[in-house]
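# Geometric and topological summary
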Amino acid sequence: MVINFYMALLVDRSNRKKGPSVFAFNTFFYLKLCSGGYSAVKRWSKGVDLFTKDIIFVPVHLSSPWTLGVIDVRKKSVRHYDSLGQNGAEICQVLLKFLQEESLEKRKVELDCSEWTLCTMEPHEIPQQKKGSD
């Protein structure tokens, strides 16, 4: 609940101030995407052209702790942030596949994945925590 609220604050702030245009999925999105595929979540962006946004936040909770997927449409990158330093390469792949399907479904344009960079952030690049709870 707290994470969904914070994501809503980020989106609201981007709508009110000059700066990057932001879209944020809620905390249920990633698990639903993994369990049901694109067809299970394609309506979650109804009325929104994700490719006109600068940044898309995807909160991820597979175990402990929460992690974050960040799709930077401007830079054509998908990054994964984990404060325990776990590898998020698979999460990045899932999110890129979602973007491919979203592009085909909503824009009728095939996304060229070779133009996109996938990156799981290394422990020395982001703040780390030593335990699985805050």
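Structure report, in brief. Computed from a predicted model, the values in this text were never measured in an experiment. (Residues numbered from 1 in each chain as written. Predicted model: local features only at pLDDT ≥ 70, side-chain atom pairs only at ≥ 80, totals over all residues. Heavy atoms only, no water.)

### A look at the pattern of salt bridges
What the rule picks out here adds up to five salt bridges. When the shortest N-O distance is used, the salt bridge between D72 and R74 registers 3.3 Å. What makes D72 buried here is its relative accessible area of 2%. Under the relative-accessibility criterion, R74 is labelled partly exposed at 47%. Linking E101 and K97 is a salt bridge whose minimum nitrogen-to-oxygen distance equals 3.3 Å. Here E101 pairs with K97, and both are found in helix 4 (residues 89-107), just four residues apart, close to one helical turn. Assessed through its relative accessible area of 47%, K97 is described here as partly exposed. (Salt bridge = Lys/Arg side-chain N within 4 Å of Asp/Glu carboxyl O. Buried < 20%, exposed > 50% of the residue type's maximum accessible area, 1.4 Å probe, protein only. Helix = DSSP H or I, 4+ residues; strand = E, 2+ residues; numbered from the N terminus.)

### Re the pairing of strand 2 (residues 55-60)
Taking burial as the measure, the six residues of strand 2 include six buried ones, the bulk of the element. Where burial is concerned, the two faces of strand 2 agree: the one with I55, F57 and P59 and the one with I56, V58 and V60 are both buried. Two elements, strand 1 (residues 22-24) and strand 2, share three bridges in a ladder whose sense is parallel. Among the inter-strand pairings, F23 is bridged to a residue of strand 2, identified as I56. Across six bridges, the pairing between strand 2 and strand 3 (residues 67-72) is antiparallel. Bridge assignment links P59 to a residue of strand 3, and that residue is L68. (Pairing = 2+ DSSP bridges.)

### Focus: the sheet that holds strand 5 (residues 117-120)
Sheet strands pair by backbone hydrogen bonding; their relative direction is either parallel or antiparallel. Taken in spatial order, the five strands of this open sheet run 1-2-3-4-5, and their pairing is mixed. In this open sheet, the two edge strands, each paired with only one partner strand, are strand 1 and strand 5. Strand-to-strand twist in this sheet, taken as the mean axis angle between neighbours without regard to direction, amounts to 15°. As defined by bridge partners, strand 4 (residues 77-81) adjoins strand 5 across four bridges and the pair is classed as parallel. Pairing of H80 across the sheet is with T120, part of strand 5. (Axes fitted to C-alpha atoms, helices over the stretch in contact; angles between N-to-C directions.)

### Focus: the packing of aromatic side chains
Inspection of the entire model under this criterion finds six aromatic pairs. A ring pair is formed by F25 and F98, whose centres lie 5.7 Å apart and whose planes are at 85°; its orientation type is edge-to-face. Placement of F25 in the loop between strand 1 and helix 2 (29-36) and of F98 in helix 4 is noted, with a sequence separation of 73 residues between them. Classification of F98 by relative accessible area gives buried; the value is 1%. With 5.7 Å between their ring centres and 45° between their planes, Y38 and F98 make a pair best called tilted. Placement of Y38 in helix 3 (residues 38-41) and of F98 in helix 4 is noted, with a sequence separation of 60 residues between them. Accessibility assignment for this pair places Y38 and F98 in one class, buried. Of the aromatic side chains, those joined through ring pairs into one cluster are F23, F25, F29, Y38, W44 and F98. (Phe/Tyr/Trp six-rings, centres within 6.5 Å; stacked < 30°, edge-to-face > 60°.)

Purely spatial values, then, with no claim about function.
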